[in-house]
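One letter stands for each residue in the lines below.
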Amino acid sequence: MSESVRIALLGCGVVGGAVARRLTQAKDEFEARVGRRLEIVGVAVRDTSKDRSDTGLDASLFTSDAEELVTRADLVIELMGGIDPTKSLLQKAIESGASVVTANKALLGQHGAELYELAEEHGADLYYEAAVAGAIPLIRPLRESLAGDSVQRVMGIVNGTTNFILDKMDRTGADLADVLAEAQELGYAEADPTADVEGHDAQAKAAILASLAFHTRVRTSDVAVEGIMSVTADDIRAARRIGCVIKLLAIAELVDKDGGQAVSVRVHPTLITRSHPLGSVRDAFNAVFVETELAGELMFYGRGAGGDPTASAVLGDVVQAARHKVHGGRGPGESAYANLPIEGVGAAKTAYFIRMDVQDKPGVLAAIAKTIGELGVSIESMRQSVRRSQDGLATLHIITHRSSEADLAAVVEQLKAADEVDKVFSVLRVEGE
């Protein structure tokens, strides 16, 4: 190995630029922490003519030849995003003996197992603290700090864009479309916000968290997903009336299956009580709630995105991987020994919130309660919140006890056909009740 730890940086956008600046400005600090100089030997970008003087790097370091660059580095920091050509570049880097630090949740969610296997074969490290929840130290606690414990459940807000939107709707009463437009103007949402609002970003992160928590390979495709586009201002107001708020939650948990256990992972809009720690998470912040057998309940909270916060997580991994290059040792590899079966969203029992318009007359509540009870679902609460004498209807809110998705679907079908029900508007899962 050379007298310095040679670093290749793939991508120099908002996060990559922040990483480059910090490595340049704090050279002596990093050398003291690692035991050897960290030297950026190249930065792969699409356009080498763009002015990047704010990074503090010499223009000669910028290259469009990423394939050549990764073969002459001890450590590759990948901040390009996407699957191709990123996957092949990281494979080439590992095969050349480099360790990898990445923030690429999409790649890890689909191909993490392959990268783990390759890293194991070539004695390289694979770190990805920044792939989930930005600056929040979460991956390392799950991989290392809780390695002697047994995680039962992970539930969190892992997408800042959707949390900003839902929180603003809750605080102002605005419609989703208006808040989404504002989020785009402020830079919280992309011009094409599909990955965020349809839940795909959170889906990939949920797969990563579930894999770590339950020592089982979970891919993005194993995660059931529902975005926030169907959430209305009326849903938000209804949640507020019963002391709840709506959040897009990623939930990974152990469920019973054939006398054993399985893993269920899902992402969907969820009613959660305002008294729950996740219920008070505002703006674009992220938070993850972890339940374990020994430690009990743990909460991780902080900034889930942004150049400097994400760079903080990336650089923590860089220091750890660089130390291994200098002093020897290896970071944790894949832990998939449990190899639990993956169950669909239907395997998890949850409480449900049903909002509907019903006939405003005596006996209606009793008839509806009977319909629901006959299908094996019990009711936790029932509230007739709004009377509208002009059309003879009232709005009814029901929260069920925990039941299966199949049982709830049968309930909704029967309610839609009931004479007492005018319209079923929404059905949302409830947590933290």
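Before any of the text, the structure's been laid out above.
These remarks concern the structure in this document.

1. Here we look at the nonpolar core
Side chains of nonpolar character tend, in soluble globular proteins, to be buried together.
Right, so step 1: Counting 80 residues, the largest nonpolar core has Leu10, Val76, Tyr128, Val132, Leu138 and Ile165 as the members making the most contacts within it.
Right, so step 2: Of all the elements, helix α10 (residues 200-214) adds the most residues to this core, at nine residues.
Right, so step 3: Those residues within four positions of leucine 138 in sequence are excluded, and the remaining contacts are Glu129, Val132, Ala133, Leu209, Val288 and Phe300.
Right, so step 4: Residues Ala18, Val19, Ala20 and Phe62 belong to the second largest nonpolar core, which totals 33 residues.

2. Topic: the environment of histidine 268
Right, so step 1: Relative to the helices and strands, histidine 268 resides in strand β10 (residues 260-273).
Right, so step 2: Sequence-wise, histidine 268 and glycine 227 are 41 residues apart; in three dimensions their C-alpha atoms are separated by 6.0 Å.
Right, so step 3: If we ignore the near neighbours within four places in the chain, the residues touching histidine 268 are Glu226, Lys247, Leu248, Leu249, Ile251 and Arg429.

3. Re the environment of histidine 324
Right, so step 1: Locating histidine 324 in the fold gives a position in helix α12 (residues 307-327).
Right, so step 2: For the pair histidine 324 and alanine 124, spaced 200 residues apart in sequence, the C-alpha separation works out to 9.4 Å.
Right, so step 3: If sequence neighbours within four positions are ignored, histidine 324 has contacts with Asp125, Tyr127, Gly329, Arg330 and Gly331.

4. Details of the pairing of strand β2 (residues 37-44)
On any regular strand, side chains alternate: one points to one face of the sheet, the next to the other face.
Right, so step 1: β2 sits mainly inside the fold: six of its eight residues count as buried.
Right, so step 2: Where strand β1 (residues 4-10) meets β2, seven bridges bridge the pair, whose relative direction is parallel. Within β2, the residue paired with leucine 9 across the bridge is valine 43.
Right, so step 3: Where β2 and strand β3 (residues 62-63) come together, two bridges link them in parallel fashion. Bridging from a neighbouring strand, alanine 44 pairs with threonine 63 of β3.

5. A closer look at the packing of helix α5 (residues 105-122) against α10
Right, so step 1: In the contact formed by α5 and α10, the axes pass within 7 Å of each other and the chain directions differ by 35°. For the pair α5 and α10, the contacting residues are Lys105, Ala106, Leu108, Gly109 and Tyr116 in the first and Asp201, Ala204, Lys205, Ile208 and Leu212 in the second.
Right, so step 2: Taken together, the residues that form the contact of α5 with α10 break down as six nonpolar, one polar and three charged.

6. A word on the sheet that holds strand β4 (residues 75-78)
Right, so step 1: Strands sit in the order β3-β2-β1-β4-β5-β6 across an open sheet of six strands; the sheet is parallel. Unpaired on one side and paired on the other, β3 and β6 (126-127) mark the two borders of the sheet.
Right, so step 2: Alignment of β4 against strand β5 (residues 99-102), held across four bridges, turns out to be parallel. The residue bridging valine 76 from the neighbouring strand is valine 100, located in β5.

7. Examining the pattern of salt bridges
Right, so step 1: Enumeration over the complete set of coordinates arrives at 35 salt bridges.
Right, so step 2: The partner of arginine 153 in a salt bridge is glutamate 253, and the shortest N-O contact between them spans 2.7 Å. On the criterion of sequence distance, the pair formed by arginine 153 in strand β7 (residues 151-157) and glutamate 253 in strand β9 (residues 244-257) is long-range, its members being 100 residues apart.
Right, so step 3: When its relative accessible area of 10% is taken as the criterion, arginine 153 is described as buried.
Right, so step 4: Taking the relative accessible area as the measure of exposure, glutamate 253 reaches 8% and is therefore buried.
Right, so step 5: Connected via shared salt-bridge partners are Asp167, Asp170, Arg171, Arg240, Arg274, Arg282 and Asp283.

Rules behind the numbers
- Residues numbered from 1 in each chain as written.
- Predicted model: local features only at pLDDT ≥ 70, side-chain atom pairs only at ≥ 80, totals over all residues.
- Heavy atoms only, no water.
- Core = buried A, V, L, I, M, F, W, Y, C linked by side-chain atoms within 4.5 Å.
- Buried < 20%, exposed > 50% of the residue type's maximum accessible area, 1.4 Å probe, protein only.
- Helix = DSSP H or I, 4+ residues; strand = E, 2+ residues; numbered from the N terminus.
- Contact = heavy atoms within 4.5 Å.
- Pairing = 2+ DSSP bridges.
- Axes fitted to C-alpha atoms, helices over the stretch in contact; angles between N-to-C directions.
- Nonpolar A, V, L, I, M, F, W, Y, C, P; charged D, E, K, R; others polar.
- Salt bridge = Lys/Arg side-chain N within 4 Å of Asp/Glu carboxyl O.

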